[in-house]
Amino acid sequence: MSFVKPCVFNNFEERLHKRMNNFYTLIYLNREIKEKINGGFFRFAISPHKDVLHIYVEKDGDTSRLIFSANSRETVLFHDYYRPPKKRNVIDFFSMLEDKKITGMKLADKDRLVDIHFENGDYLQFKLFSGHPNVFVVRDDEIIDAFKNPEDVKGEPPIEPHAPTFKDEVSPRRNAKNQMTEINPLLPRNLLPYIIEEHKVAEMAPENVKTFTNELSQALKEDPHPRVLKTGDFCLWSKQWLNISSEKECDTVNDCVAFAYKNAVHLRRLHNKKEDVTEFLERSKAQKESLVKQLEQADKSLKRSEKYEKYGHLLMAHAHEKINEGTAELTLDDFYEDNDPITIPLKEKKDIAENAEYYYEKAKDAKKSYQNALKRLPKVREDLEQVTQLLKEIDKIDRLYDLNDWIKKHKKTLKEFGYGGDDEKQAKSPFRKYQEGKFEIWIGKNAKSNDQLTSHAHKEDIWLHARGVGGSHVVIRMGNRKEYPPKQVILKAASYAAYFSKARGMKSAPVMYTKRKYVRKPKGAAPGAVVVEREQVQMVPPTKPKK
């Protein structure tokens, strides 16, 4: 067993959370989804995107999907129409449940845990809370598989529901939001600030807060009005309770949750793509502003040229004289400035004539630099204006398809500025990615990236790391193939692992490799730290990947 030390980097990530599955939402979703899938058959489950699981269910000859998002920003479970699964770059899950009949669906008492039961006694447990949502396959009160990080939870018992505490009275000294959640901790907290402001709850006496909260809760239980607000939040209250305009109103909770999720995904993809292009353009703008500033000071090059040329003339006037070897400078009468003394630095291994020639060359280079600056300045100014205009245009775009059309329209210009090149893609990706034949090799960039890489890798992927030193985690993507890749692929990936480690300067370095399922992260371990089992070791020369 090996323990890999982490390599720590500073990192910061801002996240936007959209709460779509609070407990009251799940009450209605449980009823609606159960009606759709009860008596149906689990056909297969795939992950078409990171943190997203699609479960295909067949009932009465029709196939539909359950969509689960384990993304902590948009955790959600809903029923959706059939869409043919992707045939490439997908991973299958939960093969032990294939063709098993669904016999029931249950929501935990006052907790965001949903179970889907099967005829053989197994069940899926959906954990829809905390920063680590997941789906577990449970058999005989033991987790036997999971959507995310299965090796970390196999053999553990399923999660027990944990109902929050409901108080009969509110604390008079607490703020309005805390008073309301004392009475009912299951209220959707993201919407409470709007409720408090609209109904002036902060001005209510404690007994009135209690009465109002109970009425508000009763509306959630008995009078749902599923809608998606203009803020992007899912809401069950009517406009009588929360007078915020609706983006979408639905007949079922499931339809509105599906809309809210797809809208959140759309906005996230828009944000990420727009941020990617905007950051590139802002960097480009800053570079061009700096370049314009430099080029506008080109007259300094002309002054340097004049100075160097004068040095050359003064030295040539004394070219017949000899100087001691190692002389670092020479003081002469400056016949351009009333014979005032002037000190000229010398190249120690050159005589006076050679130093004069040296300064003539420098004068020539400085003059050329000045002339080049004059030629380049109009084009750089034009590019700066163009980048500034592109930034103004992209700032106004608020739809993903409009952004895609805009990028397509300006593809040539963006490419000329350098957007979309290999270096740019590698800089934006959370991992370095390289192709070796039909195999893709992923390489972590830092401790956090290493954690993400290992977490994201499939259990059959090949995991590599330079042995005994800090460095990047490396993964060979296997596409769910259970055999090892050809030896030359392992050697190539191992050489990359050696290069992106503290063994880079060695002629040959030991690199261990094993399947991802034999790599685990101990609870509480530092970023990038893992425990490795069943590893093999290969000696390889550190090699920098080719672009």
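Basis of the calculations
- Residues numbered from 1 in each chain as written.
- Predicted model: local features only at pLDDT ≥ 70, side-chain atom pairs only at ≥ 80, totals over all residues.
- Heavy atoms only, no water.
- Buried < 20%, exposed > 50% of the residue type's maximum accessible area, 1.4 Å probe, protein only.
- Helix = DSSP H or I, 4+ residues; strand = E, 2+ residues; numbered from the N terminus.
- Pairing = 2+ DSSP bridges.
- Disulfide = S-S within 2.5 Å.

Would you take a moment to explain the pairing of strand E9 (residues 123-127) for this structure?
Successive residues of a regular strand alternate their side chains across the two faces of the sheet. Of all five residues in E9, five are buried, a share of seventy percent or more. Both faces of E9 are covered, namely the face carrying Tyr123, Gln125 and Lys127 and the face carrying Leu124 and Phe126. Where strand E8 (residues 113-118) lies against E9, five bridges are found, and the strand directions are antiparallel. From the neighbouring strand, Ile116 faces E9, where its bridge partner is Leu124. The hairpin formed by E8 and E9 contains four residues between the paired strands, and Gly121 there has a positive phi angle of roughly 95°. The pairing of E9 with strand E10 (residues 134-139) spans five bridges and is classified as antiparallel. Along E10, the bridge assignment pairs Gln125 with Phe136. Between the end of E9 and the start of E10, which pair antiparallel, lie six residues, with Ser130 showing a positive phi angle near 70°.

I keep staring at the state of the cysteines and nothing clicks. Help me out?
Covalently bonding the sulfur atom of one cysteine to the sulfur atom of another cysteine gives a disulfide. Applying the stated criterion across every chain yields a total of one disulfide. Two residues, Cys250 and Cys256, share a disulfide whose sulfurs are 2.3 Å apart. When the S-S torsion is 90°, as for the bridge of Cys250 with Cys256, the disulfide is right-handed. Judged on exposure class, the residue Cys250 and its partner Cys256 are both buried. The structure places no disulfide on Cys235, whose sulfur is separated from the nearest cysteine sulfur, that of Cys256, by 9.5 Å.

Could you clarify how one ought to interpret the sheet that holds strand E12 (residues 227-229) in this entry?
Hydrogen bonds along the backbone pair up the strands of a sheet, which may run parallel or antiparallel. Spatial ordering of the open sheet is given by E13-E12-E14, a layout of three strands whose pairing is antiparallel. Both outer strands of the open sheet, strand E13 (234-235) and strand E14 (246-249), are each paired with one neighbouring strand and no more. Bridge count between E12 and E13: two bridges; the pairing is antiparallel. Along E13, the bridge assignment pairs Val228 with Phe234.

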